[in-house]
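Read off the chains here:
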Protein chains: 2
Amino acid sequence: MSEAAYRIDSLQYCNWSEKIFTQMREGGLDAVHVTIAYHENFRETVARMEQWNALFERFPHLIFQGFTGDDVRLARDTERTAIFYGFQNPSPIEDDIRLVEILHTLGARFMQLSYNNQSLLATGCYEAEDPGITRMGREVIAEMNRVGLVVDMSHSAERSTLEAMEISARPIVITHANPAFWHPALRNKSDAVLKGLAETGGVLGFSLYPHHLKDGTDCTLESFCEMVARAAEIMGAERLGIGSDLCQDQPDSVVEWMRSGRWTKNVDYGEGSKDNAGFPPQPEWFRDNRDFGNLEHGLRAAGFSETDVAGIVGNNWLRFFDENFGPDY
Amino acid sequence: MSEAAYRIDSLQYCNWSEKIFTQMREGGLDAVHVTIAYHENFRETVARMEQWNALFERFPHLIFQGFTGDDVRLARDTERTAIFYGFQNPSPIEDDIRLVEILHTLGARFMQLSYNNQSLLATGCYEAEDPGITRMGREVIAEMNRVGLVVDMSHSAERSTLEAMEISARPIVITHANPAFWHPALRNKSDAVLKGLAETGGVLGFSLYPHHLKDGTDCTLESFCEMVARAAEIMGAERLGIGSDLCQDQPDSVVEWMRSGRWTKNVDYGEGSKDNAGFPPQPEWFRDNRDFGNLEHGLRAAGFSETDVAGIVGNNWLRFFDENFGPDY
């Protein structure tokens, strides 16, 4: 390999603990993009940052907050994991475009424009109608471009996603989803989205969340890696990464908050169902952070070169971090 | 001079405009510590930061946000003025110690523990009783020390101020006040406070606000600079700076907000009086930012060396910024 293989997971929302941070180190994770807000408003999001600051103070030998690509290198050099913040909904900015810069200064690096439902900015993947990016959405995309807060369309609907690619002056991403050609879930992405994403210089993070996998918990590593190989044919291997969507040790009350937030008094089952309402079990070959090595083995077996494997498990995300986390001069 | 003379004003609260930023450049100001909160709570303080971000976007050729001492050097090199944030009251942290780190990340560099009245942390200079630093005050001082948010006791009472010096592991400051030996106002400081401040490595910023001056608006430059010379005998010239308390172009409604906040429904006249309730006129030799040169001339005439003059108008603050705006490793 011409470049060291960094390992980066571009989405996790675990019930954070010393155990999990230790497993990150065992798995060689140099950086993890962690969700800190689903439906939280600004002040609630700051409270999440306060909780993370408490963890950084408590476990400085395992984790620290990441702001730039160089923090991934610092993590590797100091045998720790850099934690990057992201939001799955624009709720942290409320109705105030100037909170984009404030939250970027506090370390936010990814923000989804919508989460399943219509937001002030864009449409979510479970809405019946998708009118595309809103007036405020256009303004917020420009502001995110300006400061270096990356547009993430993982939970957004198709038209909104394609329009975001058009409107955004900088590459956008899908931090955690899989191609619909492999598993046609509403959360997975069409060939048009995959192609558009690659053309704009974005990155797709493959999800290991069972509802996004063909055969769910029973999905095989071989099937997953063959899907990655097909996606590489469409997008190019340099546009691919991992965004496991790992929700380790979370109680089912958390998936209820993700799905229902404060937008309904009823229960929304999201990608689940009444009979399968909680977090589904992980496939045995990707239980948690310790199994990144399995992904590398599987990708090699699917025919990827060492450079491509290194790119998919982290180097592609690192290149993206380097180019997109700062102001657009 | 062995070192370039930087010009730093360690306190202003003007009605900010292009005119004033241009005058900062005319006056050669490399850095200004600006108050962004008197009684504002957390969310209101963030709104002030949003307003400053709008100014930084609008006047990038004149100003930018400063975070470190090196930003003062960057300002000099690029012929702009670095703007550093501070609070005159701990109201922005509300009752939440973890907001100290959040606000430091957003750029807060000075925080007064109290403003005239009793706060959750310390006693203000207009209270009848001063019970000293509170339980929460001790905790917040330690947290401020940890992250590099400087304790400012400009508007605090004597016992609280002396205790803050004892409790704080890092130097504290008085950004804007004068010695009581020269003008015995409640806001000015006793010899004990001046000596203590010098011993802990702190800095006193001399105020040009008429209520802090002997003879008020009619104070002479000679009298002011003789006072500085006497303070230097007590503290050492390297512990002295300027904190003009310039409130240029503010309507009197602003001084009412400073004094009465939301703590009284009545009018508090603070340092003024019923017959002199508004902002007093500046002395003619210090109208605004353009008159820093007058201070230098006056200090030379009072017998200060070039090194001392350079220290007092900015280099002493720069040294303090270098040492105290980052984490305490």
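Here, the structure is the one placed above.
All figures in this text were calculated on a predicted structure; none of them were measured in a lab. (Residues numbered from 1 in each chain as written. Chains lettered and ligands numbered in written order. Predicted model: local features only at pLDDT ≥ 70, side-chain atom pairs only at ≥ 80, totals over all residues.)

Draft legend 1. View of the pairing of strand β8 (residues 203-206) of chain A. Residues and elements named next belong to chain A. Neither face of β8 is left uncovered, since the one carrying Val203 and Gly205 and the one carrying Leu204 and Phe206 both have all their residues buried. With two bridges joining them, strand β7 (residues 173-174) and β8 adopt parallel strand pairing. Bridging across to β8, isoleucine 174 finds its partner in leucine 204. Running through helix α7 (residues 191-199), the crossover from β7 to the neighbouring parallel element β8 is right-handed. (Buried ≥ 20, exposed ≤ 12 C-beta atoms within 10 Å, placed from the backbone. Helix = DSSP H or I, 4+ residues; strand = E, 2+ residues; numbered from the N terminus. Pairing = 2+ DSSP bridges. Right-handed = clockwise from strand over helix to strand, strands pointing away.)

Draft legend 2. Spotlight on the relation of the copies chain B and chain A. Expressed as a screw operation, the relation of chain B to chain A combines 0.0 Å of axial shift with a rotation of 180°, fitting to an RMSD of 0.0 Å. Such values leave the two copies arranged in the relation of a two-fold axis. Residue leucine 106 of chain B, judged by its C-alpha, is the member of chain B lying nearest the rotation axis, at 3.2 Å. With an isologous cut-off of 70% or more, the 100% of interface residues of chain B that recur at the interface of chain A puts this contact in the isologous class. (Least-squares fit on C-alpha atoms with pLDDT ≥ 70 in both. Contact = placed C-beta atoms within 7 Å.)

Draft legend 3. Structural context of the interface of chain B and chain A. Facing the ten residues of chain B at the interface are ten residues of chain A. Those elements giving two or more residues to the side of chain B that touches chain A turn out to be α2 (42-58) and α4 (99-105) of chain B. Split by residue class, the side of chain B that touches chain A holds four nonpolar, two polar and four charged. (Nonpolar A, V, L, I, M, F, W, Y, C, P; charged D, E, K, R; others polar.)

Draft legend 4. Representation of helix α10 (residues 292-301) of chain B. Residues and elements named next belong to chain B. Buried within α10 are the following residues: Phe292, Leu295, Gly298 and Leu299. Along the axis of α10, the buried residues cluster in a sector spanning 115°; they form a single face. Where α10 is buried, its residues meet α8 (221-235), β9 (240-242) and α11 (306-324). The positive-phi residue at the C-terminal boundary of α10 is glycine 303, with phi of around 105°. (Arc of directions from axis to C-beta.)

Draft legend 5. Looking closely at unusual backbone geometry. Its identity as a non-glycine residue notwithstanding, aspartate 245 of chain A has a phi of 65°, on the positive side. Residue class for aspartate 245 of chain A comes out buried when judged on the 25 C-beta atoms lying within 10 Å of it. Phi angles above zero are rare outside glycine, and glutamate 94 of chain B is one such case at about 50°. With respect to the secondary-structure elements, glutamate 94 of chain B resides in the loop between β4 (81-87) and α4. According to the C-beta neighbour criterion, glutamate 94 of chain B is partly exposed, with 13 such atoms within 10 Å.

Draft legend 6. Highlighting the nonpolar core. Ranked by internal contacts, the top residues of the largest apolar core, which has 172 residues, are Leu204 and Val228 of chain A together with Leu204 and Val228 of chain B. For leucine 204 of chain A, the contacting residues outside a window of four places in its chain are Ile174, Leu194, Leu197, Ala231, Met235, Arg239, Leu240 and Gly241 of chain A. (Core = buried A, V, L, I, M, F, W, Y, C linked by C-beta atoms within 7 Å.)

Draft legend 7. Quick peek at α7 of chain A. Residue and element names in this part refer to chain A. Taken as a whole, α7 has its buried residues at Val193, Leu194, Leu197 and Ala198. Viewed along the axis of α7, the buried residues span an arc of 130°, placing them on a single side of the element. Those residues of α7 that are exposed and angled more than 90 degrees off the buried face are Ala192 and Lys195. Where α7 is buried, its residues contact α6 (158-167), β7, β8 and α8 (221-235).

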